[in-house]
Amino acid sequence: MDKLKELLTPKDLQDYLDCSKNTVYNLLKYSNIPKIIIGRRYYIPKDELNSWVEKNVGSKIILK
């Protein structure tokens, strides 16, 4: 049986990206950052996040 992939919380993402809480929630709401929404909670698969970051190196992410 495969192990569940590591999931980050918005707080983990805030620490990982070294940005504000508002920026994290704007990223989750307005960008194509990989996420899973269960109820009102966000979870971010760490492996997919790393791929997303690599694909967006040098890009400017515009948030509303």
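Scroll up for the structure.
Residues numbered from 1 in each chain as written. Predicted model: local features only at pLDDT ≥ 70, side-chain atom pairs only at ≥ 80, totals over all residues. Heavy atoms only, no water.

A closer look at the overall build of the chain
Keep this limit in mind: Runs of H or I in DSSP of at least four residues are treated as helices and runs of E of at least two as strands, each being numbered from the N terminus. When a residue's accessible area, from a 1.4 Å probe over protein chains only, is under 20% of the maximum for its type it is buried; when over 50% it is exposed; and in between it is partly exposed. Areas reported here follow the Shrake-Rupley algorithm with a probe of radius 1.4 Å; residue values treat only the protein chains shown as occluding. Positive charge is attributed to Lys and Arg, negative charge to Asp and Glu, and no charge count is given to His or to the chain ends. In plain terms, the charge of a residue is placed at NZ if it is Lys, CZ if Arg, CG if Asp and CD if Glu.
The helix and strand tally for the chain stands at three helices and three strands. Helices (α) and strands (β) of the chain occur, in sequence order from the N terminus, as β-α-α-β-β-α. Summarising its shape, the C-alpha atoms of the chain cover approximately 40 × 25 × 20 Å along the three principal directions. Each of the 64 residues in the chain was classed as buried or not, and the buried ones make up 22%. Working note: accessible area of the chain is about 5200 Å², and carbon and sulfur atoms make up 49% of it. A distance of 10 Å separates the average location of the 12 positive side-chain charges in the chain from that of its 8 negative side-chain charges.

What to know about the packing of aromatic side chains
Under the convention used in this document: When the centres of two rings from Phe, Tyr and Trp lie within 6.5 Å, Trp using its six-membered ring, the rings pair. Their planes under 30 degrees apart give stacked, over 60 give edge-to-face, and anything left gives tilted.
Following the criterion strictly, the structure yields one aromatic pair and no others. Both rings, one in Tyr 25 and one in Tyr 42, keep their centres 6.1 Å apart while their planes meet at 70°; by these two values the pair is edge-to-face. Taken together, the residues span a long stretch of sequence, with Tyr 25 in helix H2 (residues 21-30) and Tyr 42 in strand S3 (residues 41-45) at a distance of 17 residues. Given a relative accessible area of 37%, Tyr 25 falls into the partly exposed group.

Observations regarding a negative patch on the surface
What counts is decided by this rule: Only residues whose relative accessible area exceeds 30% and that form no salt bridge are eligible for patches; like-charged ones are grouped when within 9 Å, while nonpolar side chains (Val, Leu, Ile, Met, Phe, Trp, Tyr) are grouped when within 5 Å. In what follows, salt bridge is the name for a side-chain nitrogen of Lys or Arg lying within 4 Å of a carboxyl oxygen of Asp or Glu.
Negative charge collects at one region of the surface, where Glu 6, Asp 12, Asp 47 and Glu 48 lie side by side. Looking at the secondary structure, you find Asp 47 in helix H3 (residues 46-55).

Structural notes on the packing of helix H1 (residues 10-17) against H2
Counted only if it meets this: Here, axes are lines fitted to C-alpha atoms. For helices the fit covers the stretch in contact, and angles between N-to-C directions go from 0 to 180 degrees. When describing relative orientation, an angle under 35 degrees is termed roughly parallel and one over 145 degrees roughly antiparallel, while 65 to 115 degrees is termed roughly perpendicular and anything else oblique. Each helix crossing is assigned a hand: it is left-handed if the near helix lies turned anticlockwise from the far helix by less than a right angle, otherwise right-handed if that turn is clockwise. Whether two residues are in contact is decided by their heavy atoms: any pair within 4.5 Å suffices. Only Asp, Glu, Lys and Arg are considered charged, only Ala, Val, Leu, Ile, Met, Phe, Trp, Tyr, Cys and Pro nonpolar, and every remaining residue, Gly among them, polar.
Packing of H1 against H2 brings their axes to within 9 Å, and their N-to-C directions diverge by 110°. Put simply, H1 runs roughly perpendicular to H2. In terms of crossing hand, the pair formed by H1 and H2 is right-handed. Across the interface between the two elements, Pro 10, Leu 13, Gln 14 and Leu 17 from H1 touch Lys 21, Val 24, Tyr 25, Leu 27 and Leu 28 from H2. Residues that form the contact of H1 with H2 fall into these classes: seven nonpolar, one polar and one charged.

Regarding the environment of Thr 23
What counts, and what does not: Identification of polar contacts relies on pairs of N or O atoms within 3.5 Å, with a donor-acceptor requirement for protein atoms, meaning one able to donate a hydrogen and the other able to accept it, and with residues adjacent in sequence counted only if both atoms are side-chain atoms.
You can see Thr 23 is positioned in helix H2. Residue class for Thr 23 comes out partly exposed when judged on its relative accessible area of 30%. Reaching out from Thr 23, the side chain makes a polar contact with the side chain of Ser 20 at a distance of 2.9 Å.

Nothing here speaks to function; it is geometry throughout.
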